[in-house]
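Here is how the chains run, residue by residue.
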Amino acid sequence: MITALRILGVLVLLGIIASGLLFWTSSRDVQIPPASVDFASLSPSEHDRLVERGEWVAHAADCAACHTDPSGGSDLAGGLPMVTPMGAIYGTNITPSRTYGIGEWDADDLYRAVAMGIAPGGRNLYPAMPYPSYHRITREDSDALYLWLMQQPPVDKPNRRNDLIFPFNLRPAVTFWNALFRPDPEPFVARDPQNAQGEYLVDVLGHCGECHTPRNLAYALTDDHLAGNVIEGAYAPDLRADALVRRGWNRDDLSQFLHRGLSPQGVMTFRMFPVLSHSTSHLSFDDLDAISAYLMPQQPETELLARPPAGALSAEGHALYTGLCAGCHGEDGRGQPHSSVRLDVNTTAMFDNPINLVRVIAEGIPERDLAHGERMQAMPAFGDMLSDTEMAELVTYLRKRWGGQSAEVSAAQVADALKQAH
Amino acid sequence: MAERISFSATINGQKIGPMDLPQDLMMVELLQEYLNLTGTRLSCGQGVCSACTIIIDDPDKGSYTVPACVTGVTWVNGRTVRTIEGIAGRDDQGNPVPSPIQMAFLEHFAFQCSYCTPGFVNGATALIERLQRQPIPSDQVEAAVLEALDRHICRCTGYVRYYEAVRDVILSTPGLTTDGPGTDVTAMQEAGQ
Ligand code: FES
Ligand code: FES
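In this text, all values refer to a predicted model and were calculated from it rather than measured experimentally.

**Section: the interface of chain B and chain A**
Alright, step 1. The interface of chain B with chain A comprises 15 residues on the first partner and 18 residues on the second.
Alright, step 2. Run the count over chain B and chain A and you get zero salt bridges.
Alright, step 3. On the surface where chain B and chain A come into contact, there are 10 residue pairs in polar contact (both at pLDDT 80 or more).
Alright, step 4. Sorting the residues of the side of chain B that touches chain A by element identifies β4 (62–67) and α2 (73–76) of chain B as the ones contributing at least two each.
Alright, step 5. In terms of residue class, the side of chain B that touches chain A is built from seven nonpolar, five polar and three charged.

**A few points about the pattern of salt bridges**
Alright, step 1. Overall, the coordinates contain 23 salt bridges over all chains when judged by the stated rule.
Alright, step 2. Note that A:D108 is salt-bridged to A:R139, the shortest N-O span being 2.8 Å. With A:D108 in helix α4 (residues 107–116) and A:R139 in helix α6 (residues 139–151), this residue pair connects regions lying 31 residues apart in the sequence.
Alright, step 3. For A:R139, a relative accessible area of 4% corresponds to the buried category.
Alright, step 4. In this structure, B:R82 engages B:E129 in a salt bridge whose closest nitrogen and oxygen atoms are separated by 2.7 Å. Linking B:R82 in strand β5 (residues 80–82) with B:E129 in helix α4 (residues 117–133), this pair joins segments that are 47 residues apart in sequence.
Alright, step 5. Residue classification places B:E129 among the buried positions, given a relative accessible area of 16%.
Alright, step 6. Salt bridges here are not isolated pairs; linked through shared partners, they connect A:D108, A:R139 and A:D143.

**Observations concerning the domain arrangement of chain A**
Residues and elements named next belong to chain A.
Alright, step 1. Taken domain by domain, chain A consists of domain 1 (42–181), domain 2 (195–295) and domain 3 (315–420).
Alright, step 2. In this structure, domain 1 and domain 2 have C-alpha centres spaced 21 Å apart.
Alright, step 3. Opposite the 29 residues of domain 1 that make contact, domain 2 presents 23 residues.
Alright, step 4. When the area that domain 1 buries against domain 2 is broken down by residue, the three leading residues are W56, H59 and R136, summing to 25%.
Alright, step 5. A salt bridge links E199 to R136; its shortest N-O distance comes to 2.8 Å.
Alright, step 6. Counting across the domain 1 and domain 2 interface gives 12 residue pairs in polar contact (both at pLDDT 80 or more).

**Regarding the sheet that holds strand β1 (residues 81–84) of chain A**
Within a sheet, neighbouring strands are paired by backbone hydrogen bonds and run either parallel or antiparallel to one another.
Alright, step 1. In spatial order, the strands read β1-β2-β5 (chain A); together these three strands make up an open sheet with antiparallel pairing. Whereas interior strands pair on both sides, the edge strands pair on one side only; in this sheet they are β1 and β5 (163–164) of chain A.

**A look at the packing of α4(B) against helix α6 (residues 160–172) of chain B**
Residues and elements named next belong to chain B.
Alright, step 1. Between α4 and α6, the least distance of the axes is 11 Å, while the angle of their chain directions is 25 degrees. Judged by the angle between their axes, α4 and α6 are roughly parallel. Where α4 crosses over α6, the two elements pack in a sense that is right-handed. Here T117, F120, A124, L127, I128 and L131 of α4 come into contact with α6, specifically with Y162, V166, V169 and I170.
Alright, step 2. Partitioning the contact of α4 with α6 into residue classes produces nine nonpolar, one polar and no charged.

**Notes on the pairing of strand β3 (residues 53–58) of chain B**
Residues and elements named next belong to chain B.
Alright, step 1. A large share of β3 lies buried, amounting to five of its six residues.
Alright, step 2. Where β3 meets β4, six bridges bridge the pair, whose relative direction is antiparallel. When the sheet's bridge partners are listed, I56 is paired in β4 with Y64.
Alright, step 3. Linkage of β3 to β4, two consecutive antiparallel strands, is achieved through a turn of three residues.

**Considerations on the UniProt feature "binding site: heme c 2" (unreviewed entry) in chain A**
Residues and elements named next belong to chain A.
Alright, step 1. Taking the numbering used here, the UniProt-annotated feature "binding site: heme c 2" (unreviewed entry) corresponds to C208, C211 and H212.
Alright, step 2. Relative to the assigned elements, C208 resides in the loop between α8 (196–205) and α9 (209–212).
Alright, step 3. Residue contacts for C208: discarding those within four places in its chain leaves V202 and L226.
Alright, step 4. Owing to a relative accessible area of 9%, H212 belongs among the buried residues under this scheme.

**Observations concerning the pairing of strand β2 (residues 87–90) of chain A**
Along any regular strand the residues' side chains alternate between the sheet's two faces.
Residue and element names in this part refer to chain A.
Alright, step 1. Alignment of β1 against β2, held across four bridges, turns out to be antiparallel. Within β2, the residue paired with M82 across the bridge is I89.
Alright, step 2. As consecutive antiparallel partners, β1 and β2 are separated by two residues.
Alright, step 3. Sheet analysis places β2 next to β5, joined by two bridges and oriented antiparallel. The residue of β5 that forms the bridge with G87 is L164.

**Quick notes on helix α16 (residues 388–402) of chain A**
Residue and element names in this part refer to chain A.
Alright, step 1. The end-to-end C-alpha distance of α16 is 21 Å, a good match for the 21 Å that 15 residues give at a rise of 1.5 Å each.
Alright, step 2. Buried within α16 are the following residues: M391, A392, L394, V395, T396, Y397, L398, R399, K400, R401 and W402.
Alright, step 3. Of the surrounding elements, those touching the buried residues of α16 are α14 (315–329), α15 (355–363) and α17 (411–420).
Alright, step 4. Just downstream of α16 lies G404, where phi reads positive at about 65 degrees.

**Concerning the environment of A:L170**
Alright, step 1. Relative to the helices and strands, A:L170 is located in the loop between β5 and α7 (174–181).
Alright, step 2. Counting along the chain gives 46 residues from A:L170 to A:N124, while the straight-line C-alpha distance between them is 9.8 Å.

**Describing the UniProt feature "domain: Cytochrome c" (unreviewed entry) in chain A**
All names here are of chain A.
Alright, step 1. Mapped onto the present numbering, the UniProt feature "domain: Cytochrome c" (unreviewed entry) falls at residues 49–153, 193–299 and 312–402.
Alright, step 2. For residues 49–153, the end-to-end C-alpha separation is 19 Å, with 42% helix and 11% strand making up the annotated structure.
Alright, step 3. Between the C-alpha atoms that bound residues 193–299 there is a distance of 18 Å. The span itself is 45% helix and 9% strand.

**Things to note about the packing of α4(A) against α6(A)**
All names here are of chain A.
Alright, step 1. Two numbers describe how α4 lies on α6: the axes approach to 9 Å, and their chain directions differ by 115 degrees. In the packing of α4 onto α6, the handedness of the crossing is right-handed. Across the interface between the two elements, A107, D108, L110 and Y111 from α4 touch R139, S142, D143, L145, Y146 and L149 from α6.
Alright, step 2. Partitioning the contact of α4 with α6 into residue classes produces six nonpolar, one polar and three charged.

**Some thoughts on the sheet that holds β5(B)**
All names here are of chain B.
Alright, step 1. If you walk across this open sheet you meet the five strands as β2-β1-β5-β3-β4, and the pairing is mixed. Strand pairing shows two members of the sheet lacking a second neighbour, β2 (14–22) and β4, which therefore form its edges. Geometrically, the sheet is characterised by an average inter-axis angle of 35 degrees between neighbouring strands, direction not taken into account.
Alright, step 2. Strand direction decides the pairing type here: β3 and β5, joined by three bridges, are antiparallel. When the sheet's bridge partners are listed, D57 is paired in β5 with T80.
Alright, step 3. Against the sheet, helix α1 (residues 27–34) makes contact with β1 (4–11), β2 and β3, and its axis sits at roughly 105 degrees relative to β2, the strand it touches most.

Definitions and limits used
- Residues numbered from 1 in each chain as written.
- Chains lettered and ligands numbered in written order.
- Predicted model: local features only at pLDDT ≥ 70, side-chain atom pairs only at ≥ 80, totals over all residues.
- Heavy atoms only, no water.
- Contact = heavy atoms within 4.5 Å.
- Salt bridge = Lys/Arg side-chain N within 4 Å of Asp/Glu carboxyl O.
- Polar contact = N/O pair within 3.5 Å; in protein donor to acceptor, adjacent residues only side chain to side chain.
- Helix = DSSP H or I, 4+ residues; strand = E, 2+ residues; numbered from the N terminus.
- Nonpolar A, V, L, I, M, F, W, Y, C, P; charged D, E, K, R; others polar.
- Buried < 20%, exposed > 50% of the residue type's maximum accessible area, 1.4 Å probe, protein only.
- Domains from an automatic or database assignment.
- Buried area = accessible area lost by both parts, 1.4 Å probe.
- Pairing = 2+ DSSP bridges.
- Axes fitted to C-alpha atoms, helices over the stretch in contact; angles between N-to-C directions.
- Parallel < 35°, antiparallel > 145°, perpendicular 65-115°, else oblique.
- Left-handed = near helix turned anticlockwise from the far one by under 90°.
- UniProt positions renumbered as here; feature names shortened; annotations may be inferred.
- Expected span 1.5 Å × (residues − 1).

Structure (structure tokens):
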């Protein structure tokens, strides 16, 4: 008994020492690169150039995606909830308000927050702030972003407290997470010098992996970069080149999709719609083409064609399709411009996971002004009209007919998908 | 895949079919071209304007509306349907009597050209029937009317009279609100409810 207690005591002691070490390694001051410019002696033209670059960084990094004010008025005043398995985290006010925003910050503070997730005073940000992706931001871009942010109108709106469950509501505990999962800041050096811009936009500023890369049990990004992930009740698809080719993408369509929100392969929905409006629709075609080329190093030669059905189609599924879908999407699934998307080459039916397809049919999609004049009319919600069994029939039919997915979707999977959505 | 289907339904209380129909036929075409029920209006043809709204009576869920322009006969096959022709009641002599919603639209001068009216009548009728199943507090009626009729497009009237007509019917009909006519508030309070 005594021996057991001793062993336990030693283990506890070791545990404390290990955590202490972890805490120390991660909370010690990491060297940060010095400011890229002398802010005090900037010429007006240099200042303007940097502010312009800062605006580009804000768009490319999609700050507004999380920091927008859902009650309107400001893209940066905060308040938008991000729902995680640990609870809701609310975007913060990053306007230059001195009381509630970042008006008192200097450029080093901003770099530390963006690249390391540390706010002034050593306060940890939650990794909902994508510093594990932003850690490779260049100091030049962080400084340009700083100048642009400080030019935006301040909004005196207090931040909303996060609704996180214990122990995730203990901010200092993030230090341990950082010790294990946060890469040190390492200003960007292209791994592929051929397309540095694409890599920088996808992996660093665009932080695509934050949604599209699977996470481990500690909610940290795994090494399966861009392999697809279910997040906030929707599937953020696999963006690796072979998966994109398999789903019928080519570089031009991908650039168009990011530019206008629409391509034959589908329309921006769920959390990609705000990404379009706040971020990708503002980027130039040079940037978008760099993104597409980075994601798809080889341009596929094949023409975009509907694939043959992946199995026998059920009469029930066909009746549901003609009864509820074909009126807009067409018996042949060709859709109609600006009103209903093509289904015959739509990628949503091609995912292994049916959650997005189920949710779109159940919840519908509001009418949308996409970008650059592109718009789509509303899709009605069919959730109340279809039982889980009927939904499973219909989803199975769509996946088999156009998605190349032969597996039957069950009513239980449908119920599960609908549950995950809420 | 079968190009044609055998279709049967109950439409305005009458058994229809079995009929041999193209399987991709939309309801509005069945009503107008095959059954001579021309009261259902076709406008946008893509489920946006609600002019073509018809009512499906579901034995489990109760009544709900669908746009006849984009709802195929394969969905309606075997079901019970009401169109604008089936909304009015009959008096003892068998003469048509406008339904409360139809009457309210007349009294409020709710429509002008009337192209949208059959859709409004059916949409409002389904709303009333939903409130019969699930009454709401009277301070939520305006929002419920807006939510139900918002999707109906009218190019003539400015909507206000339609809204007022439906709101008045709901507020004056017993059983549609939890605190309106027909609910004895004092008795409920005494019973501690
Ligand atoms: S005609 Fe059916 S909704 Fe417009
Ligand atoms: S009364 Fe003319 S369209 Fe409504």
